Amino acid sequence: MSTEPDAAGRTDLDRAVDWACRLIRHPTVSSAGNLALIAEVEESLAALGFRCRRFPNAEGTKANLLASIGPEAPGGVVFSGHTDVVPVTGQDWSHDPFDPWIADGRLHGRGASDMKGFLGVVLALAPEMAAAPLARPIHLAFSYDEEVGCAGVGPLVRHLKEADVRAELVLIGEPTDMRVVTAHKGIRVLRTVVRGRPAHSSTPAAGANAIAALARIARAIEEEAARLAREERDGRFDPPHTTVNLGEIRGGEAVNIVAGRAELLWEYRPLPGSDPDALARRIAAFAEERVLPDMRQTAPEAEILFETVAAAPALEARGNETAEELLRGILGANRSHAVSFTTEAGLFQRIAGLPAIVCGPGSIDQAHRPDEWVALDQLARAIRLVRALIRRVSGQA
């Protein structure tokens, strides 16, 4: 496998940057679709001989893509990443976020770090995958809706389990500065809706104030967060405990109307090994036992509803030791790491039973920010890693 420039004088890094730029130009914000990006990628991979299969959402506006090359047999590796990005609304960008640019050895644009830089590396090396004498298969897994609680990749992961893929490694190329990450926290995103009874503000006792009730629930969530910060301790993580965030709150119609409805969107990120649903159960019990009875004194029809919007499991280091040793050997790393953000790795591990490691170019500190960037030398390191794994499944390493 040559690393020399091609006939047009382009290096591996040039090709990776070119692909990353093509992907960034697709504004695949989670609230929109990703089908144009998936179509471009699928067309390119199918032309190389990859076997492609889509897993669309119910509305037909988004899709996962699984592209496989090599023998249809267990084993091999999976290179995985999400195609969606977070919004740019309200952010102060110096350039058009979907018109990528290079400056000072960095590729800028929405998704450059998280995680179209890694996907660009994988796609740039796809011709090598197709040309290699693969003894085991290579699978490319491109997902949607990772940025909204890893909500989209599930059907693809379940297919890998049903197809008995048994890959020796799933490499999730999230930005880790090319560090080997073997553990991360999970995530639960919940919507709490309170329905009370509206009334004129001059006679508040005639109604049941949904905002006031929701404020009590929010306070209980904050108290639980403080308790977890005191009682939990896992030194691998920063912070070393389950974290909680009250993200969005809406309610009421006017200042002179007792609020009849209020809604809170909140999340928490549980530690590996903990009960991921315990906090949600405690808050639901508080609402049912302490808040709702007070509301029903004046509004028997009052109700409090809890909806799980998204959920993804933590990534456990246990069970990934062989894959971890492989990656550390390739990268020359003397230790592995844990991170507090959540990825799709826990789903590959929990649902499909596959060893999943997070390692990719760029820094999480740059993700989601204005003028997001990934260093070109990080992309070069990712190229060397992906190429080493291609050689491994070709029986050359």
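Details of the structure are given in the entry above.
Reference entry: report on the structure contained in this document. What you see is a predicted model, and the numbers here were worked out from it, not measured in a lab.

Glancing now at the overall build of the chain. Of regular secondary structure, the chain possesses ten helices and 17 strands. Considering only C-alpha atoms, the chain reaches an extent of 80 × 45 × 35 Å along its principal axes. Counting the 397 residues in the chain, one finds 54% classified as buried. Within the chain, contacts between residues separated by at least 24 positions form 80% of all contacts whose residues are at least 6 apart in sequence. Just so you have it, the chain exposes about 17,000 Å², and 49% of that area is on carbon and sulfur atoms. Seen as two clouds, the 44 positive and the 53 negative side-chain charges of the chain have centres 4 Å apart.

What follows deals with the packing of aromatic side chains. Within the structure shown, the criterion is met by two aromatic pairs. Looking at R22, its charged tip hangs above the ring of W19, at a distance of 3.8 Å from the centre. Just above the ring of W373 sits the side chain of R106; from NZ or CZ to the centre is 3.7 Å.

In the contact formed by helix 6 (residues 210-231) and helix 7 (residues 278-295), the axes pass within 10 Å of each other and the chain directions differ by 145°. Between helix 6 and helix 7 the crossing geometry is right-handed. In this structure, helix 6 uses A210, A213, R216, I217, A220, I221, E224, R227 and L228 to contact helix 7, whose residues at the interface are L279, R282, I283, F286, A287, R290, V291, D294 and M295.

This part takes up the pattern of salt bridges. Inspection of every chain in the model, using the stated rule, returns 28 salt bridges. Close ionic contact of R22 with E40 constitutes a salt bridge, the shortest N to O distance being 2.8 Å. On the criterion of sequence distance, the pair formed by R22 in helix 1 (residues 12-24) and E40 in helix 2 (residues 35-47) is long-range, its members being 18 residues apart. Across the pair K62 and D145 runs a salt bridge whose closest N-O atoms are separated by 2.6 Å. Here the residue K62 occupies a position in the loop between strand 1 (51-56) and strand 2 (63-69), and D145 occupies one in the loop between strand 6 (138-143) and helix 5 (154-162), the gap between them amounting to 83 residues. Using a relative accessible area of 11% as the deciding quantity, one classes K62 as buried. Exposure remark for D145: the relative accessible area of 12% places this residue in the buried category. Linked by salt bridges that have partners in common, D12, R15, E128 and R387 make up one network.

This next bit is on the nonpolar core. As a rule of thumb, nonpolar side chains are buried together in soluble globular proteins. In terms of nonpolar packing, the biggest core is built from 53 residues, with F79, M129, I138 and L140 touching the most fellow members. Of all the elements, helix 10 (residues 376-393) adds the most residues to this core, at nine residues.

What follows concerns the sheet that holds strand 13 (residues 261-269). An order of 11-13-9-14 is seen for the four strands of this open sheet, with the pairing classed as antiparallel. In the strand order of this sheet, the two ends are held by strand 11 (243-251) and strand 14 (303-312), each with one partner. Taking each pair of neighbouring strands and ignoring which way they run, the sheet shows an average axis angle of 15°. The pairing of strand 9 (residues 187-195) with strand 14 spans nine bridges and is classified as antiparallel. When the bridges of strand 14 are listed, V193 appears paired with L305.

It is worth spelling out the sheet that holds strand 4 (residues 101-103) at this point. The strand order across the open sheet formed by three strands is 4-5-17, and the pairing between neighbours is antiparallel. This sheet does not close on itself; its edge strands, each paired only once, are strand 4 and strand 17 (373-375). Across the sheet, the mean angle from the axis of one strand to that of its neighbour is 25°, orientation sign disregarded. In this sheet, strand 17 lies alongside strand 5 (residues 106-108) in antiparallel orientation, the contact comprising three bridges. Paired with R106 across the bridge in strand 17 is A375. Strands strand 5 and strand 17 of the sheet are contacted by helix 3 (residues 112-124), whose axis makes an angle of about 50° with strand 17.

Looking now at the environment of R51. For R51, the location among the structural elements is in strand 1. Linking R51 and F286, residues 235 residues apart in sequence, is a C-alpha distance of 51 Å. When sequence neighbours within four positions are dropped, the list of residues in contact with R51 reads L66, A67, S68, I69, G70, P71 and E72.

With that settled, the discussion passes to unusual backbone geometry. Between D114 and M115 the backbone carries a cis peptide bond, its omega angle lying at -10°. Within the secondary structure, M115 sits in helix 3. A cis geometry characterises the amide bond from D238 onward to P239, with omega recorded as 0°. Notably, D371 is not glycine yet its phi reads approximately 55°, a positive angle. Turning to its location among the elements, D371 is positioned in the loop between strand 16 (356-358) and strand 17.

Now for the state of the cysteines. Under the counting rule described, the total for this entry stands at zero disulfides. In this model C150 remains outside any disulfide bridge; the closest cysteine sulfur is found in C359, 18 Å from its own.

Quick notes on the rules
Residues numbered from 1 in each chain as written. Predicted model: local features only at pLDDT ≥ 70, side-chain atom pairs only at ≥ 80, totals over all residues. Heavy atoms only, no water. Helix = DSSP H or I, 4+ residues; strand = E, 2+ residues; numbered from the N terminus. Buried < 20%, exposed > 50% of the residue type's maximum accessible area, 1.4 Å probe, protein only. Contact = heavy atoms within 4.5 Å. Areas by Shrake-Rupley, 256 points an atom, 1.4 Å probe, with all protein chains shown as cover. Lys, Arg positive; Asp, Glu negative; His and termini not counted. Charge placed at Lys NZ, Arg CZ, Asp CG, Glu CD. Phe/Tyr/Trp six-rings, centres within 6.5 Å; stacked < 30°, edge-to-face > 60°. Lys NZ or Arg CZ within 6 Å of the ring centre and 35° of its normal. Axes fitted to C-alpha atoms, helices over the stretch in contact; angles between N-to-C directions. Left-handed = near helix turned anticlockwise from the far one by under 90°. Salt bridge = Lys/Arg side-chain N within 4 Å of Asp/Glu carboxyl O. Core = buried A, V, L, I, M, F, W, Y, C linked by side-chain atoms within 4.5 Å. Pairing = 2+ DSSP bridges. Disulfide = S-S within 2.5 Å.

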